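Each chain, letter by letter, is given below.
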Amino acid sequence: MTVTRPARLTGAALCGALALVIVVWLLRDLAAFGSLADLGRYWAGDHAFLLRSRSATSLLDPLLLLAYAATALTALRSSLAGPALAAAGALTLALRLPGLWATGVDALVTTLLTLALASGLVVTAALGRQPASEPHARPRTGPAVAAGVLCAVAAVVGVAWEVHWARALPVEATVDRFTGGRSLLLPALAVPPAWLSVMLAALFLAAAGSAFARAPHARPLGLLAGLLLAGSGLAGVATALRTGWAAHLAGLDDTGRLALATSAYGLLAGAAVLVLLSVRGAPHPAPRRPVAALPPAPPHPRPPGW
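**Things to note about the packing of helix H7 (residues 141–168) against helix H9 (residues 193–212)**
Two elements in contact, H7 and H9, have axes whose closest approach is 8 Å; the angle formed by their N-to-C orientations is 155°. With respect to their mutual orientation, H7 and H9 come out roughly antiparallel. Classified by chirality, the crossing of H9 by H7 is left-handed. Judged by residue contacts, Ala144, Val145, Gly148, Val149, Cys151, Ala152, Ala154, Ala155, Val159 and Glu162 of H7 engage Pro193, Ala194, Ser197, Ala201, Phe204, Leu205, Ala207, Ala208, Ala211 and Phe212 from H9. Of the residues in the contact of H7 with H9, the class split is 17 nonpolar, two polar and one charged.

Shown next, in the form of structure tokens:
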């Protein structure tokens, strides 16, 4: 299945609108912080900036901005426009849902607008379907299985961290990590950390399953998962290098070492998934002609004038 041209254009426009919402907030934060480098350090968790000022956006926002741009291009140019639009819309709905109980009128209005646009993406992908003129190419077996393993491991690691924090923190703090309670100093548009981890784990598992099955939609789903995995890992590695964690690895406790290892894995695994699933898919075998449609074989020996 693919989607009609009007659905492609509508999906690209909705992705553009979602990207524009993020751009407006990014420009607002950039004006408050004064430089993109300072804002980037805030996204990466710089505690000095966390104490001095507070942004509305988080690291997730620029990553989603890239995802919307890529999805808009896919909608306009690729036969996999439908799965790409559906994946981007469903992920946005899952991640932005906690914003419904966020404090602040601006954040709530932004959440409602974002949820409406994301719902439009899912509806457009569903209603704009039409039979494809030719079968979609499936990802090649080797790259697909490798990408699936990397995504599955990332999902297990994310869930394991949430189990660790649930056991280490009081019940009230654990609940706040899912709901974004007042005990967390989160940006206005930020997704609660535990909710984000669970939703990303679900995305990684879905990407792994589609990759193992070599489904046609494995590429848009896996590329979305790889982007978010690499982006989160990059932030952790950058913070570790800037604060000297990597240089003083022996002095870290077990939790610090595991956190650094998790960030390094996210960066490397996410980049590998992006590369593996960017490889052109295996061509679908041409349909074989039925035997009845073939011309009759000449008799043997051939009669005169055959």
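**Some thoughts on the nonpolar core**
Membership of the largest hydrophobic core comes to 56 residues, with the highest contact counts inside it found for Leu203 and Phe204. Ranked by residues supplied to this core, first place goes to helix H1 (residues 5–33) with eleven residues. Apart from residues no more than four positions distant in its own chain, Phe204 is found in contact with Cys151, Ala154, Ala155, Ala225 and Leu229.

**Looking at unusual backbone geometry**
For Arg214, which is not a glycine, the phi torsion comes out positive at approximately 55°. Within the element layout of this structure, Arg214 appears in the loop between H9 and helix H10 (218–243). With relative accessibility at 25%, the residue Arg214 sits in the partly exposed group.

**A short note on helix H5 (residues 81–96)**
Each full turn of the α-helix corresponds to 3.6 residues, which orients residues three or four apart in the same direction. The end-to-end C-alpha separation of H5 is 22 Å, in line with the 22 Å expected for 16 residues at 1.5 Å each. Among the residues making up H5, those that are buried are Ala81, Gly82, Ala84, Leu85, Ala87, Ala88, Gly89, Leu91, Thr92, Leu95 and Arg96. Contact partners of the buried residues in H5: strand E1 (2–3), H1, helix H4 (60–77), helix H6 (105–127), H9 and H10.

Conventions and cut-offs
Residues numbered from 1 in each chain as written. Predicted model: local features only at pLDDT ≥ 70, side-chain atom pairs only at ≥ 80, totals over all residues. Heavy atoms only, no water. Axes fitted to C-alpha atoms, helices over the stretch in contact; angles between N-to-C directions. Helix = DSSP H or I, 4+ residues; strand = E, 2+ residues; numbered from the N terminus. Parallel < 35°, antiparallel > 145°, perpendicular 65-115°, else oblique. Left-handed = near helix turned anticlockwise from the far one by under 90°. Contact = heavy atoms within 4.5 Å. Nonpolar A, V, L, I, M, F, W, Y, C, P; charged D, E, K, R; others polar. Core = buried A, V, L, I, M, F, W, Y, C linked by side-chain atoms within 4.5 Å. Buried < 20%, exposed > 50% of the residue type's maximum accessible area, 1.4 Å probe, protein only. Expected span 1.5 Å × (residues − 1).

Note that every value here comes from positions in space, so none of it alone points to a role or purpose.
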